[in-house]
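# Secondary and tertiary structure notes
Each chain, letter by letter, is given below.
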Amino acid sequence: MIPWEGAASPTERRGTVVLKEVFRVDDEFDPETEQLLESFYEARERVLRGEPDDQLLIDRGRELAERGEETQSIVFRELRQISRRVGREICIP
């Protein structure tokens, strides 16, 4: 994996710092979206370990992608990276 692949850009990091330090915002999304993201990332880790959780990952990804442009971007980027790492395409049909 390329070291910077998937890393936040300097602008994204600054935005996160402003949210957390200036506005005292700990989460970037509403609680339900945060919970879906957590479930998505847990499914991602299982898929990367070789466990057969592709469908759960796709289902959570679809739910997140439907929530807006920002979560859609996160999901699609993650699915591209996962596909490269596991050597097969995992995508939302």
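Residues numbered from 1 in each chain as written. Predicted model: local features only at pLDDT ≥ 70, side-chain atom pairs only at ≥ 80, totals over all residues. Heavy atoms only, no water.

On to the nonpolar core, then. Formed by 14 residues in total, the largest nonpolar core has its most connected members in Phe-40, Leu-57, Leu-64, Leu-79, Ile-82 and Ile-90. The element that contributes the greatest number of residues to this core is helix H2 (residues 31-48), accounting for 5 residues. Apart from the residues within four sequence positions on either side, Phe-40 is in contact with Leu-57, Arg-60, Gly-61, Leu-64, Val-75, Glu-78 and Leu-79. (Core = buried A, V, L, I, M, F, W, Y, C linked by side-chain atoms within 4.5 Å. Buried < 20%, exposed > 50% of the residue type's maximum accessible area, 1.4 Å probe, protein only. Helix = DSSP H or I, 4+ residues; strand = E, 2+ residues; numbered from the N terminus. Contact = heavy atoms within 4.5 Å.)

Tallying each qualifying case throughout the model produces 1 aromatic pair. Between Phe-40 and Tyr-41, the aromatic rings sit 5.6 Å apart at their centres with planes inclined by 65 degrees, giving edge-to-face as the arrangement. Judged by its relative accessible area of 26%, Tyr-41 is partly exposed. (Phe/Tyr/Trp six-rings, centres within 6.5 Å; stacked < 30°, edge-to-face > 60°.)

Moving on to helix H3 (residues 54-65). An α-helical segment advances 3.6 residues per turn. Residues three or four places apart therefore align on the same side. Between its terminal C-alpha atoms H3 stretches 16 Å, which fits the 16 Å expected from 12 residues at 1.5 Å a residue. Listing the buried residues of H3 in full gives Leu-57, Ile-58, Gly-61, Leu-64 and Ala-65. All buried residues of H3 project into a common sector of 130 degrees when viewed along the axis, lining one side. Elements that come into contact with the buried residues of H3 comprise H2 and helix H4 (69-86). (Expected span 1.5 Å × (residues − 1). Arc of directions from axis to C-beta.)

With 71% of its residues at a pLDDT of 70 or more, the chain shows a mean pLDDT of 79. For the chain, per-element mean pLDDT is lowest for helix H1 (residues 10-22), which scores 50, and highest for H3, which scores 95. Taken as a whole, residues 1-9 scores under 50 in pLDDT and shows 7 contacts with residues more than four places along the chain or in a different chain. (pLDDT = per-residue confidence, 0-100.)

Running from amino to carboxyl end, H2 crosses H3 at an angle of 150 degrees, the nearest separation of the two axes being 9 Å. By the criterion of interaxial angle, the relationship of H2 to H3 is roughly antiparallel. In the crossing of H2 with H3, the sense of the turn from one axis to the other is left-handed. Residues Thr-33, Leu-36, Leu-37, Ser-39, Phe-40, Ala-43, Arg-44, Arg-46 and Val-47 of H2 lie in contact with H3, whose contacting residues are Asp-54, Leu-56, Leu-57, Arg-60, Gly-61, Glu-63 and Leu-64. Grouping the amino acids of the contact of H2 with H3 by side-chain chemistry returns 8 nonpolar, 3 polar and 5 charged. (Axes fitted to C-alpha atoms, helices over the stretch in contact; angles between N-to-C directions. Parallel < 35°, antiparallel > 145°, perpendicular 65-115°, else oblique. Left-handed = near helix turned anticlockwise from the far one by under 90°. Nonpolar A, V, L, I, M, F, W, Y, C, P; charged D, E, K, R; others polar.)

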